[in-house]
Amino acid sequence: MAFSLLLIVVLGATALFFATHLSIPEDRSQRVFAPDLVRRGGELAALGYCASCHTAENGKPFAGGRPLATPFGTLFGTNITPDPKTGIGLYSQAAFARTMRDGIDRAGRDLYPVFPYNHFTRLTDEDLSALYAFLMTRAAVPAQNPANHLTFPYNVRPLLAGWKLLYLDKNPVPRDQTRSAEWNRGRYLVEALSHCGACHTPRDRLGAEIASQHFDSGEAEDWWAPPLNHKFPSPVSWSEESLFNYLRSWDVGHGGAVGPMAPVVAALATVPEQDVRAIAAYVGATLAKPGESEKRVDEKQPQAAEAHPQGAELYAGICATCHETGGHVPFTVTSLGQHTSIYAPDPRNVIHVVLEGVRPPEGTVGAVMPAFADTLSDAQIADIAAYLRARFSRGGEWQNIEAEIARLRRSTSP
Amino acid sequence: MITLNVNGRSRDVDDAPNTPLLYVLRGTLELNGAKFGCGLGQCGACTVVIDGKPVFSCLTPISILQGRKITTLEGLGSEDAPSPLQRAFIEEQAAQCGYCIPGMIMRAHALLTANQSPTDAEIREHMNANLCRCGTHMRILAAINRAAGGMHAAGARAPAKAEEEE
């Protein structure tokens, strides 16, 4: 705490020097873009998941308003449609580039790094132009951005200038000549645009991704975001091919994306195949463990049933209907033991899935699982989670499952 | 022996605790309103209302239902005296083959009990879990709207009748 305070004081002092930015003049010119540039911009916007944060639940695309909970308070995705009053309609290309590269809006205000400009700063000029062309040709939606709810001192924007001095690395994504062009392409997409690290890398006390723990696992909207490296805890190994399948729709070994990863996959399903292949090549290389999948038989089933008889009973009466059919139900893997969530350090992801079910994003095909929030009590869900953990994982029992269920019920119910 | 509270009546059943409620309703209690569709909680034909919430009875073992209030289609009204919601389905001719309709009515019943004037978007979102192979969704939506409007106008709480009689 003392360290945080000291840091904040230092940041504050530095900020005074660096927090003064000029506004960039309004651009009211008639903008014309080549159709190909707009199309490519659309693909890049999908690869950067702009719509995920900049679209409210059931809201107009890119019109903002989605609440983003952070340890510092709640911020709202902003309106990035070309509406001149409430959106980015008056942004020149230079203003747009400064926003993406320096985290400074047109008026000169420093932006919070929940907007992942620490990644976007590394985008090429070409890709920035395409993104600008795409966004500026969307339908303008007048929608006022809700005010952020941040606690002191995080609501003092000029402090962000100090944050940037500490953390904003504007160097381009380096090329590794020993790797394939596809791998390098994937590295660029992942690090500059798709910002995988924003969720899959842990953050320090000031909300910056910890570079030395790149892809070691992180947080996404109160879900656990698994490691994307050799720390991946599941015995089911990844290959470039299985990762490609997963990122595109569904993989027979790992199943499909749920929670905050589901819209990511829905977006990646729409972009050119070679972009997703490149991402799979880069992330697949860090994710792959040497050797084959660890062959595990389901040998702990009797002990798990003995330790958690209620859980075993409920599993048999409810879950087994789909999950013990040998994968014959569409979009269902052979065994729940293939799902990464069961190997997580905490039970949040399993709880989310049982409480909320799984529903494919609007307009896509995928797994459907009913929500059990209204059917099962906290104690019953805890029994099922404990049983699954004991049956499949060697990671030890989860703690405080029931309390986590109660907490997640409160935070996810409308 | 498990005691179930179905449509306001206590019913003792001898079925195994793991037995899905749907089988007990249809097989043991001879309440044939709820239908077996997919058996996987994906179609909604088996929907009943438990403690005010729509639930897939095909995926609900009776072991977890002790002391909870179960309402089935039979609890809303009868052929001679249909509930306002059932009447709205008849008036809109919302059924084609009719197989999904009991589940649709029960899911809608849960919505209208909690929210007497839902918007179209709320109705669509709420009914999302139930499928109709014949494609009568537009009439189903119209029936729910009609029921909501009717109740609203009369200030009645008719769909909640089953619960009130308990």
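Draft legend 1. Seen up close, the domain arrangement of chain B. All names here are of chain B. The domains assigned to chain B are domain 1 (2-75) and domain 2 (84-165). Listed as interface residues are 18 residues of domain 1 and, on the opposing side, 17 residues of domain 2. Mapped by element, the contributors of at least two residues to the side of domain 1 that touches domain 2 are strand S3 (47-50) and strand S4 (53-56). Ranked by residues supplied to the side of domain 1 that touches domain 2, first place goes to S3 with three residues. Considered class by class, the residues forming the side of domain 1 that touches domain 2 number eight nonpolar, eight polar and two charged.

Draft legend 2. Region of interest: unusual backbone geometry. All names here are of chain A. Across the junction of phenylalanine 152 and proline 153, the peptide omega takes the value 5°, indicating a cis bond. By the element assignment, proline 153 lies in the loop between strand S3 (149-150) and helix H7 (159-167). The backbone of asparagine 58 shows a phi angle near 60°, a positive value even though the residue is not glycine. Mapped onto the fold, asparagine 58 is located in the loop between helix H3 (50-54) and strand S1 (67-70).

Draft legend 3. Expanded view of helix H3 (residues 101-114) of chain B. Its 14 residues give H3 of chain B an end-to-end C-alpha distance of 20 Å, which sits within 8% of 20 Å, the value for a rise of 1.5 Å per residue. What H3 of chain B keeps buried is the set Ile101, Pro102, Gly103, Met104, Ile105, Met106, Arg107, Ala108, His109, Ala110, Leu111 and Leu112 of chain B.

Draft legend 4. Summary view of the pairing of S3 of chain B. Residue and element names in this part refer to chain B. The side-chain alternation of S3 yields two buried faces, one formed by Thr47 and Val49 and the other by Val48 and Ile50. In this sheet, S4 lies alongside S3 in antiparallel orientation, the contact comprising four bridges. The partner of valine 49 across the bridge, within S4, is proline 54. From the end of S3 to the start of S4, which pair antiparallel, there are two residues, and aspartate 51 there has a positive phi angle of about 50°. Relative to strand S5 (residues 69-71), S3 is paired through two bridges, and the arrangement is antiparallel. Bridging across to S5, isoleucine 50 finds its partner in isoleucine 70.

Draft legend 5. Representation of the interface of chain B and chain A in the model. Of the residues lining the interface, 13 residues belong to chain B; the matching set on chain A comes to 13 residues. Here the residues of the side of chain B that touches chain A sort into six nonpolar, six polar and one charged.

Draft legend 6. Focus on the confidence of the model for chain B. Residue and element names in this part refer to chain B. Counting all residues, the mean pLDDT for chain B is 91, and 90% of those residues have values of 70 or more. This model gives residues 153-166 a pLDDT under 50, and the stretch forms 22 contacts once residues within four places in sequence are excluded. Reported confidence for the predicted complex is 0.86 by ipTM and 0.91 by pTM.

Draft legend 7. Highlighting the pairing of strand S2 (residues 9-13) of chain B. Residues and elements named next belong to chain B. Burial within S2 is sparse, with just zero of its five residues counted as buried. The sheet contact formed by strand S1 (residues 2-6) and S2 spans five bridges and is antiparallel. Pairing of asparagine 5 across the sheet is with serine 10, part of S2. Between S1 and S2, which pair antiparallel one after the other, the connecting turn spans two residues, and asparagine 7 there sits at a positive phi close to 50°.

Rules used in this analysis
- Residues numbered from 1 in each chain as written.
- Chains lettered and ligands numbered in written order.
- Predicted model: local features only at pLDDT ≥ 70, side-chain atom pairs only at ≥ 80, totals over all residues.
- Domains from an automatic or database assignment.
- Contact = placed C-beta atoms within 7 Å.
- Helix = DSSP H or I, 4+ residues; strand = E, 2+ residues; numbered from the N terminus.
- Nonpolar A, V, L, I, M, F, W, Y, C, P; charged D, E, K, R; others polar.
- Expected span 1.5 Å × (residues − 1).
- Buried ≥ 20, exposed ≤ 12 C-beta atoms within 10 Å, placed from the backbone.
- Pairing = 2+ DSSP bridges.
- pLDDT = per-residue confidence, 0-100.

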